[in-house]
Amino acid sequence: MTTRVACLGDSLTRAQLSVDYLDLLERRHPPGDVRLARFGANGDFAYNLSRRLDAVVADPPDVITVLIGTNDARASLTGYPVERAMKRKQLPKRPSAGWFQQCLGAVVERLQTETDATIGLLSLPVLGQQLDGAAAQASQAYSRMIAEVASTHEATYLPLHERQTEGLRQADPPPIPYQEPTPAASIGTLIRHTVLRRSLDTISRRRGLVLTTDHIHQNSRGAALVAEAIDTCLPTQSA
């Protein structure tokens, strides 16, 4: 029996600058075991996701996974272009931790009310690779909020952040400081990948990054951990 899975999120789910975790998840199963639907939008905050659930509830799947909050966490960091992001994503107010939890809770409530799907909330990928740095600490703090929302609403919590933290500790990566990608840097990565045909893993390796291509978007190793975390909440375990 095919399990229908809807994957909701931001650019990590859209997978233009990230290795596609949906593809990796599908490969973990025999043909026909899972059918995946992608609902990823670049730059989305939890608020944006809460406003675009109509297509998900219109054709309810068996499982819904939610990977959102990376941009909310980034907005808490010094140097993040908050005003530009608010304008681009039409946010009605400045991002904050409390508003993030409110919006994520609203997402879960609607999905629980209008579908019978199992709902899995993923904690965030680690921002950067310095676990004691401000970026990684922000992703950890927002992951704790996700755990709280999952507990409050009796959704399934999928500990991606914890998996990635352990992976970084084992890898003992070089202490490369977190850098917020500029639009030009993101375009440069996209050109290297789509025009020059360099793999995202090659780009990641040349930058000395273990799980990401640019401190945010996932390479194969990071995306594999996303797929593994999701697989734990699927009813068929073929991996």
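Given the structure is predicted, the values throughout are model-derived calculations rather than measurements. (Residues numbered from 1 in each chain as written. Predicted model: local features only at pLDDT ≥ 70, side-chain atom pairs only at ≥ 80, totals over all residues. Heavy atoms only, no water.)

A. Region of interest: the pattern of salt bridges. By the definition in use, this model includes 11 salt bridges. For Asp 23, the salt bridge goes to Arg 27, with nearest N and O atoms at 2.8 Å. Residue Asp 23 and its partner Arg 27 are both found in helix α2 (residues 21-27); the two are separated by 4 residues, about one turn of the helix. Asp 23 gets classed as partly exposed once you look at its relative accessible area, which sits at 28%. Residue class for Arg 27 comes out exposed when judged on its relative accessible area of 64%. Notably, a salt bridge pairs Asp 44 with Lys 89, separated by 2.8 Å at the nearest N-O pair. Note that Asp 44 is positioned in the loop between β2 (34-40) and α3 (46-50) and Lys 89 in the loop between α6 (82-88) and α7 (97-114), a separation of 45 residues in sequence. Pair check on accessibility: Asp 44 and Lys 89 agree, each one buried. Each of Asp 44, Arg 52 and Lys 89 takes part in a single network of salt bridges with overlapping partners. (Salt bridge = Lys/Arg side-chain N within 4 Å of Asp/Glu carboxyl O. Helix = DSSP H or I, 4+ residues; strand = E, 2+ residues; numbered from the N terminus. Buried < 20%, exposed > 50% of the residue type's maximum accessible area, 1.4 Å probe, protein only.)

B. Local environment of the sheet that holds strand β1 (residues 3-9). The parallel open sheet is built from 5 strands, whose spatial order is β2-β1-β3-β4-β5. Looking along the sheet, the strands with just one partner apiece sit at the ends: β2 and β5 (156-158). Looking at each pair of strands side by side, their axes are set apart by 20° on average, direction ignored. (Pairing = 2+ DSSP bridges. Axes fitted to C-alpha atoms, helices over the stretch in contact; angles between N-to-C directions.)

C. Just unusual backbone geometry, in detail. In this structure, Glu 154 takes a positive phi of about 55° despite not being glycine. Within the element layout of this structure, Glu 154 appears in the loop between α8 (134-153) and β5. Backbone geometry at Asp 172 places phi at a positive 50°, although glycine is not the residue there. Looking at where Asp 172 falls in the secondary structure, it is placed in the loop between α9 (160-171) and α10 (183-194). In this structure Asp 172 comes out as exposed when scored by relative accessible area, which is 64%.

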